[in-house]
Structure formats: structure tokens, C-alpha cells
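# Overview (structure and organization)
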Amino acid sequence: MPIVKYKSQEIEVASGTNLKRALTSANLSPYNGSSKYLNCKGLGTCGTCAVSIKGDTTPKTSVEKWRLNFPPHHEENGLRLACQVKVMNDLVVEKHAGFWGHQVQ
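Rules used throughout
- Residues numbered from 1 in each chain as written.
- Predicted model: local features only at pLDDT ≥ 70, side-chain atom pairs only at ≥ 80, totals over all residues.
- Heavy atoms only, no water.
- Salt bridge = Lys/Arg side-chain N within 4 Å of Asp/Glu carboxyl O.
- Buried < 20%, exposed > 50% of the residue type's maximum accessible area, 1.4 Å probe, protein only.
- Helix = DSSP H or I, 4+ residues; strand = E, 2+ residues; numbered from the N terminus.
- Pairing = 2+ DSSP bridges.
- Disulfide = S-S within 2.5 Å.
- Contact = heavy atoms within 4.5 Å.

Per the stated rule, a full pass over the model turns up two salt bridges. As a salt-bridge pair, Glu 10 and Lys 5 come within 3.8 Å of each other at their nearest N and O atoms. Owing to a relative accessible area of 39%, Lys 5 belongs among the partly exposed residues under this scheme. Across the pair Arg 80 and Glu 64 runs a salt bridge whose closest N-O atoms are separated by 2.7 Å. Placement of the pair is Arg 80 in strand β5 (residues 80-81) and Glu 64 in helix α2 (residues 62-67), with a sequence separation of 16 residues. In this structure Glu 64 comes out as buried when scored by relative accessible area, which is 0%.

Here is the structure:
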């Protein structure tokens, strides 16, 4: 089973599990501040669950490609939407600053 490392915690998840669901099931949030309440509930349209991921992931969905090319996001930041990623391998996930987690340093 893959291991997801996030906020200095490690969680083991079944292969194919949605990353957002895996994190929230472990009481870890892929959101910053009030975006925990103001989000699209996993549809991929709001962009508030954007994270950096190290490790092999599933390809971007069409809605994810669209949303990550729409402000405040920019494709060159290399972010992914946790609600659109399926965990297939070990991953290291990082949340950045900003309402949408878009402030990559």
C-alpha cells in the first residue's frame, strides 16, 4: 500500500484512493483557512486543494488542466488538485500559502 507524507505525518492508503479523501480521512486538510468550507467538494473547479506532489501520480484530468491554467493558478507552478489525484505510489505532498495554496516559493 502506498504511503503519503503530508505535514510531517505518514498515512498508508489503498492504491487508487483519491488523495483529497485520503487526507481528510486522516484528519489532514488539503485546504488553507476558510477554503476548508468554501470549496467545490471535489469537482476540481475551485482550485483550493492545490498541492505540490513529489512522486508518480495519475495524469491530470481535463478539469484539472483547465483549473490550473486559470488565475490565481499558473501551469508553470506544477501544482496538482488533491481532489483529482489518485494515489498509486508513495507521495510527498506539500501545501503552499494563500487561499488556493498557489503561492509557490
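Before going further, it helps to examine the environment of Phe 70. Looking at the element boundaries, Phe 70 is found in the loop between α2 and β5. Placed 27 residues apart in sequence, Phe 70 and Leu 43 show a C-alpha to C-alpha distance of 15 Å.

Moving on, we come to the pairing of strand β4 (residues 50-54). The element β4 is extensively covered by neighbouring structure, given that four of its five residues are classed as buried. Relative to strand β7 (residues 91-94), β4 is paired through three bridges, and the arrangement is antiparallel. When the bridges of β7 are listed, Ile 53 appears paired with Val 93.

A word on the state of the cysteines. This model, assessed by the stated rule, comprises zero disulfides. You can see Cys 46 has no disulfide; the closest cysteine sulfur is in Cys 40, sitting 3.6 Å from it.

This next bit is on the environment of Phe 99. Turning to its location among the elements, Phe 99 is positioned in the segment after β7. Given a relative accessible area of 29%, Phe 99 falls into the partly exposed group. As for Phe 99 and Ser 34, which are separated by 65 residues in sequence, their C-alpha atoms are 7.7 Å apart. Leaving out residues up to four positions away in the same chain, Phe 99 has contacts with Asn 32, Ser 34, Ser 35, Leu 38 and Thr 48.

Worth remembering: the numbers are spatial, not functional.
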